[in-house]
Amino acid sequence: EPEVTQTPSHQVTQMGQEVILRCVPISNHLYFYWYRQILGQKVEFLVSFYNNEISEKSEIFDDQFSVERPDGSNFTLKIRSTKLEDSAMYFCASSVAGEQFFGPGTRLTVL
Amino acid sequence: GDSVTQMEGPVTLSEEAFLTINCTYTATGYPSLFWYVQYPGEGLQLLLKATKADDKGSNKGFEATYRKETTSFHLEKGSVQVSDSAVYFCALNGNTGGFKTIFGAGTRLFVKA
């Protein structure tokens, strides 16, 4: 069964450093998403991406964040200068439309 | 904007007890509704879904019925097992715009043997 994959599973970085989280969505899906979950809290929408552009973003998704689909398979989330409060689990998801399939997540720890 | 409200946890039950986790939503239009489960240290797994009013989603003994008149999607299971211990998230997708999914705060379930 096709699935969304994410790498790395755990990323540790120093405050102020740039990180890139990677996702491989399901191959025939058209919509791509990033969500985050701060430890013990709810899952929050960050951004959706369709047809090579952002279709919607939340207020969390400020200028420090960017997304890219550099080739036909990967979908990346970049955080330019990490802050302590960026520590969270980041989930990638993809869909044809409607129901989304989630990856296993990348745990980002900012020290 | 759209939102999901679910009962606060933790919920602690003995094995074979009946489970209900309440979920209500606010949305314009006709959202699809979901329950996701998150086991300790793992990602989100879709447990069940319903895409229109009066639909019943079911999986692994869990059920939820899309009630438009009460804007609810309560999760039920007749007999819980220790292995059901997890966090359960109610969620909706408005089927519009960027198709983002909006999650409730999650309800942690502990099942004792």
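Everything numeric here is computed off the predicted structure, so don't read it as measured data.

(A) Inspection of the overall build of chain B at higher detail. A tally of helices and strands in chain B yields zero helices and 12 strands. In chain B, the order of α-helices and β-strands from amino to carboxyl end is β-β-β-β-β-β-β-β-β-β-β-β. Computed over its C-alpha atoms, the radius of gyration of chain B comes to 14 Å, within 12% of the 13 Å expected for a compact globule of 113 residues. Its C-alpha atoms give chain B principal-axis dimensions of about 45 × 30 × 20 Å. Within the span of chain B, comprising 113 residues, buried residues form 47% of the whole. Counting contacts in chain B only where the partners sit at least 6 residues apart, residues at least 24 apart contribute 56% of the total. Here chain B has roughly 5300 Å² of accessible surface; of this, 49% comes from carbon and sulfur atoms. Counting 10 positive and 11 negative side-chain charges, chain B places the centres of these two groups 4 Å from one another.

(B) Fine view of the interface of chain B and chain A. Between chain B and chain A, the residue contacts involve 17 residues of the former and 18 residues of the latter. Counting each side, the surface lost to burial between chain B and chain A is near 1500 Å², with a carbon and sulfur contribution of 57%. The tally of links between chain B and chain A comes to two salt bridges. The partner of Lys49 of chain B in a salt bridge is Glu99 of chain A, with the nearest N and O atoms 2.4 Å apart. Seen at the junction of chain B and chain A, the total is eight residue pairs in polar contact (both at pLDDT 80 or more). Mapped onto the side of chain B that touches chain A, the elements with two or more residues apiece are strand S5 (32-38), strand S6 (45-50), strand S10 (86-93) and strand S11 (101-103) of chain B. Take the side of chain B that touches chain A: its biggest share by element is three residues, from S5 of chain B.

(C) Representation of the sheet that holds strand S7 (residues 56-59) of chain B in the model. All names here are of chain B. Pairing is antiparallel in the open sheet, where four strands are placed in the order S3-S9-S8-S7. With partners counted over all chains shown, the strands left at the sheet margins are strand S3 (19-21) and S7, one partner each. With direction set aside, neighbouring strand axes in the sheet form an average angle of 15°. Here strand S8 (residues 62-65) pairs with strand S9 (residues 75-77) via two bridges, running antiparallel. What sits directly across from Phe62, in S9, is Lys77.

(D) Region of interest: the nonpolar core. Leu19, Trp35, Leu47, Leu48, Phe73, Leu75 and Tyr88 of chain B are the most contacted members of the largest nonpolar core, which has 27 residues in total. For this core, the secondary-structure elements that each account for two or more residues are strand S2 (11-14), S3, strand S4 (23-26), S5, S6, S8, S10 and strand S12 (107-112) of chain B. Counting residues in each nonpolar core, the second largest holds 22 residues, with Val4, Phe32, Phe49 and Val110 of chain A among its members.

(E) How the structure looks around the pairing of S8 of chain B. For S7 of chain B and S8 of chain B, the ladder comprises four bridges, and the chain directions are antiparallel. Paired with Ser58 of chain B across the two strands is Glu63 of chain B, which belongs to S8 of chain B.

(F) Molecular detail of unusual backbone geometry. A cis amide bond links Thr7 of chain A with the next residue in sequence, Pro8 of chain A, at an omega value of -10°. Counting through the fold element by element, Pro8 of chain A comes out in the loop between strand S1 (5-7) and strand S2 (10-13). With an omega of 0°, the peptide bond between Gly9 of chain B and Pro10 of chain B qualifies as cis. Its place among the elements puts Pro10 of chain B in the loop between strand S1 (3-6) and S2. The phi torsion at Glu16 of chain B lies on the positive side, around 80°, for a residue other than glycine. In this structure, Glu16 of chain B sits in the loop between S2 and S3. For Glu16 of chain B, a relative accessible area of 61% translates into the label exposed.

(G) Examining a nonpolar patch on the surface more closely. Together, Leu30, Tyr50 and Val96 of chain A make up a nonpolar patch on the protein surface, roughly 250 Å² of accessible area in all. The topology assignment puts Leu30 of chain A in the loop between strand S3 (19-24) and strand S4 (31-37).

(H) How the structure looks around the sheet that holds strand S7 (residues 65-68) of chain A. All names here are of chain A. Overall, antiparallel pairing links the four strands, which are arranged S1-S3-S8-S7 in an open sheet. Since the sheet does not close on itself, it has two edges, and those belong to S1 and S7, each with one partner. Here the average twist between neighbouring strands, direction ignored, is 20°. Pairing of S1 with S3 involves three bridges; the strand directions are antiparallel. Bridge assignment links Thr5 to a residue of S3, and that residue is Val24.

How each quantity is defined
- The residue numbering used here restarts from 1 in each chain and proceeds along that chain's sequence as written.
- Each chain gets a letter, beginning with A, and each ligand a number, beginning with 1, in the order they are written.
- Restriction of local features to residues with pLDDT of at least 70 applies here, the model being predicted, together with a cutoff of 80 or more for giving and counting side-chain atom pairs; totals for whole chains, interfaces and linings are based on all residues.
- Excluded from the side-chain calculations are hydrogens and water; all other atoms, namely the structure's heavy atoms, are used.
- Only DSSP runs of H or I with at least four residues qualify as helices, and only runs of E with at least two residues qualify as strands; both kinds are numbered from the N terminus onward.
- For this measure, only C-alpha atoms enter the radius of gyration; the expected value for a globule follows 2.2 Å times N^0.38, where N is the number of residues.
- A 1.4 Å probe rolled over the protein chains alone gives each residue an accessible area, and that area as a share of the maximum for its type sets the label: buried under 20%, exposed over 50%, partly exposed in between.
- Here, residues are in contact when the closest pair of their heavy atoms is within 4.5 Å.
- A 1.4 Å probe and the Shrake-Rupley method give the accessible areas. Residues count as covered only by the protein chains that appear here.
- Positive: Lys, Arg. Negative: Asp, Glu. His and the chain ends are not part of the count.
- A charge is said to be at NZ when it belongs to Lys, at CZ for Arg, at CG for Asp and at CD for Glu.
- Take the accessible area each of two parts loses on contact, using a 1.4 Å probe, and add the two losses: that sum is the buried area.
- For this document, the term salt bridge refers to a Lys or Arg side-chain nitrogen within 4 Å of an Asp or Glu carboxyl oxygen.
- Within 3.5 Å is the distance limit for a polar contact, defined as a pair of N or O atoms, with the added protein rule that one can donate a hydrogen and the other accept it, and that residues adjacent in sequence qualify only through two side-chain atoms.
- Strands pair, by our definition, only if DSSP identifies at least two bridges between them.
- Whenever a helix is involved, its axis is fitted only over the stretch in contact; in every case the axis is a line through C-alpha atoms, and angles between N-to-C directions fall within 0 to 180 degrees.
- In plain words, nonpolar cores are sets of buried Ala, Val, Leu, Ile, Met, Phe, Trp, Tyr and Cys residues tied together by side-chain atoms within 4.5 Å.
- Here the term patch refers to residues with relative accessible area over 30% and no salt bridge, with like charges joined within 9 Å and nonpolar side chains (Val, Leu, Ile, Met, Phe, Trp, Tyr) within 5 Å.

The values reported here are purely geometric and, on their own, carry no functional implication.
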